[in-house]
Amino acid sequence: MNDTVRFRFRAARPDDLDVLERFAAASADGITTLPEDRDALAARLARAAHSFATDDAATGEEIYLFVVEDLATGRVVGTSGIAAAAGHADRFYSFRNEVVGHSSPALGATNRVHALRLCHDLTGVTLLTSFYIDPEYADSLAPQLLSRARLLFIAQFADRFAERIAAESPGLADDAGRCPFWDAVGRKFFDMDYPAIERIAIGRSRSFIAALMPSSPVYVSLLPEEAQWAIGQLHPVGELPFSILVDEGFDPDSYVDIFDGGPIVQARATVLKTLQRSRVTPVEVADAKAGRAVPAGSGPRLVATTRRDEFRAVVVDGAGVGPQLAADAIDALGVSAGEPVRWAALDAANTERRWATGERA
Amino acid sequence: MNEHDARTANARPAGNAWRILVDDDARGATLHARLGDADVGRVRVDVDVGGELARYWYRLGWLVLASPELGLHHRVRTLMLCNDLTGACELSGLETDARLDAATRQAAVDRLVTGAVLWLRASARGSDEGTIFAELGGVRTGDGHAPFWEALGRRFYEGEPSAAAARFGPAWRSHVAALLPRESLLASFLDESAQRAIGVVGDEFSPIAEALRAAGLRSGTFVTIDDAGPVYTAPRDALPAWRRAAHVVARAAEPVRQTGVGAAARSATDDELNDASGAWLVAVDARTMIEVQGMRTGDELAVTRAGWRDDVVGPQRYWAAPVAPA
């Protein structure tokens, strides 16, 4: 079981441009924050490269892009990112779910008025972004690594990130770009369909669009049923990364996207499972026989380097309670004995099951 | 007014003369229009409304979403639950005898509205800077449902407005308002039929709307919270009936005309009455207004006691306001 390191998470490089372009094209409207524009992608990779390498103190404008590789084929099969501060130098808008209780004693009636309020609550929080996994790998450990290793990065470089972390997920939209939430809310303001506003939103900042929106709340009971139902509903393609975040301990109920009503999960970094559990120890090279001696059921673990500009992470099997790493993991991480690495148990129910059955996708 | 005035004002109208009889109380007054001896209509005037039970309306506004960069300029109606007319004077329950011809009903409405303003002026009830307003019924379907209520109120109160109205009277809207959103609503979130109904008067109320317009009230700022019927408003001192109201002075004189109480009048104070050749309502005492035709500058108003035609009162000031000739 020592040759279990199949996927490697690493900082994206400028030469990942081709594959990112392919990912951007493959994702439907609203599903990723990757721009479908080669120059814009190249610029983003350059910004990320600078963020990984710079010695300057963090300003909040940093973005970090990662990829996950299938080491068996050498192919990049997914990408994810972090924006250090949402709405940096501007504002980050979202709808906050609010419920106000009203009552009329004379009528003996009470109601709970549910409203969506445009807010800037999430301005400045750290955003998990750009998640995309090749569908072929959806059932593998790659998406787990792709999503959660970002939290190890944040844990390791906590002073470069906010105390609160959020992530947007795509809301409901059909293949034609029709979006029930947009039709019931945004269209009332802008008289434009969803793909049109998405194009504008990508070309310009989203906050530019949001700043035009009225500050009065959207009263949910006035919306058509289809739109009410769409509030906080995920596009099916977002289920996998969303479920990983909810498993981490993100709150999925407080905020929704102002465009498509998709859920925006958020949490204080300190409550997230991977951050809470992670700790740093020096690498020990595991003896192959000792590795087999690890008690059954100790489960997979995430392990990551502690270097910002050569950040890497892998999932290792059954590494038990010790800091030992097998040779393949050491190779994949590019670390040497004695170098500090950051660990965290990976115990999402579905990953345990796959691991137990030897499922590898 | 004193006892003497009350007696002297007991005028006898001619058979086709208009009178307004006033029943006042702590909250305001009810005015009855009389044509000859027939009771042909009434209106309620309340001063300082909302002083006990809070009253609610939707204030209409506009929200503009504009971006020159995007070539975007989109205007959306807004509705804001408010108590803005608290403390104002309200005309309500304005109705006329349906058996009368349209012209007579119109004349009755005109006299009731003018009479109400004149009553406020003569009685000095209500605050001086007060607004006067009247709510009118809005658009309803054949079965009595209001599209506006179905699209808005119904989403926050599931009960039947008619049942609530039967139980609480007009106060039902105050009770329902407690359940409604407190912040600005965009009308574009309501369905088309509800949006079209905002501020539109129901067909049966359009003659009253006409009379209110003629009296100087205007709609467009407020609507009712149930069927979005228009609320006609005006600062009361901007109404012609208020501005043109003036004192007339009764002089010792024999009746010179058989219209009205058979009176002539003289402008008491100023130019307000100089061109007043039309019909005037004169508040001859706290409970009675009489209509006098054709007062002109220099005319004198003589108010005679019933049966004492030769016992003419003398110089006394009365409030009067012009009305359209019937």
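Computed from a prediction, not measured in an experiment: that's the story for all the values here.

How each quantity is defined
- Residues numbered from 1 in each chain as written.
- Chains lettered and ligands numbered in written order.
- Predicted model: local features only at pLDDT ≥ 70, side-chain atom pairs only at ≥ 80, totals over all residues.
- Heavy atoms only, no water.
- Helix = DSSP H or I, 4+ residues; strand = E, 2+ residues; numbered from the N terminus.
- Buried < 20%, exposed > 50% of the residue type's maximum accessible area, 1.4 Å probe, protein only.
- Contact = heavy atoms within 4.5 Å.
- Areas by Shrake-Rupley, 256 points an atom, 1.4 Å probe, with all protein chains shown as cover.
- Core = buried A, V, L, I, M, F, W, Y, C linked by side-chain atoms within 4.5 Å.
- Buried area = accessible area lost by both parts, 1.4 Å probe.
- Salt bridge = Lys/Arg side-chain N within 4 Å of Asp/Glu carboxyl O.
- Pairing = 2+ DSSP bridges.
- Right-handed = clockwise from strand over helix to strand, strands pointing away.
- pLDDT = per-residue confidence, 0-100.
- Axes fitted to C-alpha atoms, helices over the stretch in contact; angles between N-to-C directions.
- Parallel < 35°, antiparallel > 145°, perpendicular 65-115°, else oblique.
- Left-handed = near helix turned anticlockwise from the far one by under 90°.
- Nonpolar A, V, L, I, M, F, W, Y, C, P; charged D, E, K, R; others polar.
- Phe/Tyr/Trp six-rings, centres within 6.5 Å; stacked < 30°, edge-to-face > 60°.
- 1 Å grid on protein atoms, 1.4 Å probe; cavity = no way out; pocket = protein on both sides within 12 Å on 5 of 7 lines; lining within 4 Å.
- Points joined across faces, edges and corners; volume = space filled by probe spheres on them.
- Arc of directions from axis to C-beta.

**Some thoughts on the overall build of chain A**
Within chain A one finds 13 helices and 16 strands. Out of the 361 residues belonging to chain A, those deemed buried represent 57%. Counting contacts in chain A only where the partners sit at least 6 residues apart, residues at least 24 apart contribute 72% of the total. For chain A, the accessible surface area stands at approximately 14,800 Å², while carbon and sulfur atoms represent 50% of it.

**A closer look at the nonpolar core**
Within the largest apolar cluster, 71 residues are counted, with the highest numbers of intra-cluster contacts made by Leu 128, Ile 133, Leu 145, Phe 153 and Phe 311 of chain A. In terms of residues, this core owes the most to one element, helix α3 (residues 142-156) of chain A, which gives 9 residues. With near-sequence residues (within four places) excluded, Phe 153 of chain A lies in contact with Phe 52, Tyr 64, Phe 66, Ile 82, Phe 161, Arg 308 and Phe 311 of chain A. Among the nonpolar cores identified, the runner-up in size contains 66 residues, and Met 192 of chain A together with Tyr 58, Leu 65 and Leu 152 of chain B belong to it.

**Things to note about the interface of chain A and chain B**
Taken together, the contact between chain A and chain B spans 31 residues of the former and 31 residues of the latter. Here chain A meets chain B over a buried area of about 2,600 Å², counting both sides, of which 66% is carbon and sulfur. Considering only the side of chain A, the residues that lose the most area to chain B are Leu 107, Tyr 219 and Leu 222 of chain A, jointly responsible for 26% of the buried surface there. Along the contact surface separating chain A from chain B lie 1 salt bridge. Put simply, Glu 183 of chain B and Arg 117 of chain A hold a salt bridge, and the shortest N to O gap is 2.5 Å.

**A look at the pairing of strand β7 (residues 164-168) of chain A**
All names here are of chain A. Both strand β6 (residues 126-133) and β7 contribute to a ladder of 3 bridges, which runs parallel. Each bridged residue has a counterpart across the sheet, and for Leu 128 the counterpart in β7 is Ala 167. Regarding the hand of the β-α-β motif, the stretch spanning β6, α3 and β7 is right-handed. Bridge count between β7 and strand β10 (residues 263-268): 5 bridges; the pairing is antiparallel. Looking at β10, one finds that Ala 167 is bridged to Val 265.

**What about the confidence of the model for chain A?**
All names here are of chain A. This prediction gives chain A a mean pLDDT of 84; 86% of its residues lie at or above 70. Considering only residues more than four positions removed or in separate chains, one finds that residues 291-297, a stretch of pLDDT under 50, has 3 contacts. The low-confidence segment residues 352-361, where pLDDT is below 50, has 22 contacts with residues more than four positions distant or belonging to other chains.

**Regarding the confidence of the model for chain B**
It should be kept in mind that the predicted coordinates are not to be read in detail where pLDDT is low. Residues and elements named next belong to chain B. With 76% of its residues at a pLDDT of 70 or more, chain B shows a mean pLDDT of 79. In the model, residues 251-276 has pLDDT below 50 throughout and makes 85 contacts with residues more than four positions away in sequence or in other chains. The ipTM assigned to the predicted complex is 0.77, against a pTM of 0.81.

**Digging into the packing of α3 of chain A against helix α9 (residues 239-248) of chain A**
Residues and elements named next belong to chain A. Taken N-terminus to C-terminus, the directions of α3 and α9 make an angle of 45 degrees; their axes are 10 Å apart at the nearest point. Regarding the angle of α3 to α9, the classification is oblique. Considering how the two elements wind past one another, α3 and α9 form a crossing that is right-handed. Each of Pro 143, Gln 144, Ser 147, Arg 148 and Leu 151 in α3 lies in contact with α9, whose residues at this interface are Leu 240, Ile 244, Leu 245, Asp 247 and Glu 248. Split by residue class, the contact of α3 with α9 holds 5 nonpolar, 2 polar and 3 charged.

**Re the packing of aromatic side chains**
Residue and element names in this part refer to chain A. Counted by the stated rule, this structure contains 21 aromatic pairs over all chains. The interplanar angle of 75 degrees and the centroid separation of 5.2 Å between the aromatic rings of Phe 66 and Phe 153 together place this pair among those described as edge-to-face. Of this pair, Phe 66 sits in strand β2 (residues 63-70) while Phe 153 sits in helix α3, and the two are 87 residues apart along the sequence. Each member of the pair, Phe 66 as well as Phe 153, is classed as buried. Note on Trp 182 and Phe 259: the rings are 5.9 Å apart at their centroids and 15 degrees apart in plane angle, and the pair reads as stacked. Of this pair, Trp 182 sits in helix α4 (residues 180-184) while Phe 259 is found in the loop between β9 (251-256) and β10, placing the two residues 77 residues apart along the sequence. Residue Trp 182 shares its accessibility class with Phe 259, and that shared class is buried.

**Regarding the side chain of Ser 94 of chain A**
You can see Ser 94 of chain A is positioned in strand β4 (residues 94-104). What Ser 94 of chain A contacts, discounting residues up to four positions off in sequence, is Arg 117, Leu 118, Cys 119, Leu 122, Tyr 255, Val 256, Ile 258 and Ile 264 of chain A.

**Some details on the pairing of strand β2 (residues 28-35) of chain B**
Two faces, one strand: in a regular strand the side chains alternate between the faces of the sheet. Residues and elements named next belong to chain B. Within β2, 6 of the 8 residues are buried, which leaves the element mostly enclosed by the surrounding structure. Judged from the 7 bridges that link them, strand β1 (residues 18-24) and β2 form a sheet pairing that is antiparallel. In the strand pairing of β2, Ile 20 is matched with Ala 33. Between β1 and the antiparallel strand that follows it, β2, lie 3 residues. Judged from the 8 bridges that link them, β2 and strand β3 (residues 38-46) form a sheet pairing that is antiparallel.

**Observations regarding the layout of surface pockets**
Residue and element names in this part refer to chain B. Each pocket or cavity is described by its volume, and for the second largest pocket that value is around 930 Å³. Lining the second largest pocket are 35 residues, with Asp 46, Arg 55, Glu 90, Ser 92 and Pro 170 positioned closest to its centre. Every element with two or more residues in the lining of the second largest pocket is listed here: β6 (89-96), β7 (131-135), α5 (172-177) and α7 (206-214). In terms of residues, the lining of the second largest pocket owes the most to one element, β6, which gives 5 residues.

**Considerations on unusual backbone geometry**
All names here are of chain B. Positive phi, close to 55 degrees, is recorded for Asp 48, a residue that is not glycine. Its place among the elements puts Asp 48 in the loop between β3 and β4 (57-67). Here Asp 48 falls in the partly exposed class, since its relative accessible area comes to 48%. Backbone geometry at Ala 228 places phi at a positive 60 degrees, although glycine is not the residue there. Position of Ala 228 relative to the elements: it lies in the loop between β9 (218-223) and β10 (230-235).

**A few points about α7 of chain B**
Residues and elements named next belong to chain B. Listed in full, the buried residues belonging to α7 are Ile 208, Ala 209, Ala 211 and Leu 212. Down the axis of α7, the sector holding all buried residues measures 160 degrees, keeping them to one side. Structurally, α7 contributes buried residues whose contacts are with β6, α2 (102-123), β7 and β10. Within two residues after α7, Gly 216 carries a phi angle of roughly 105 degrees, on the positive side.

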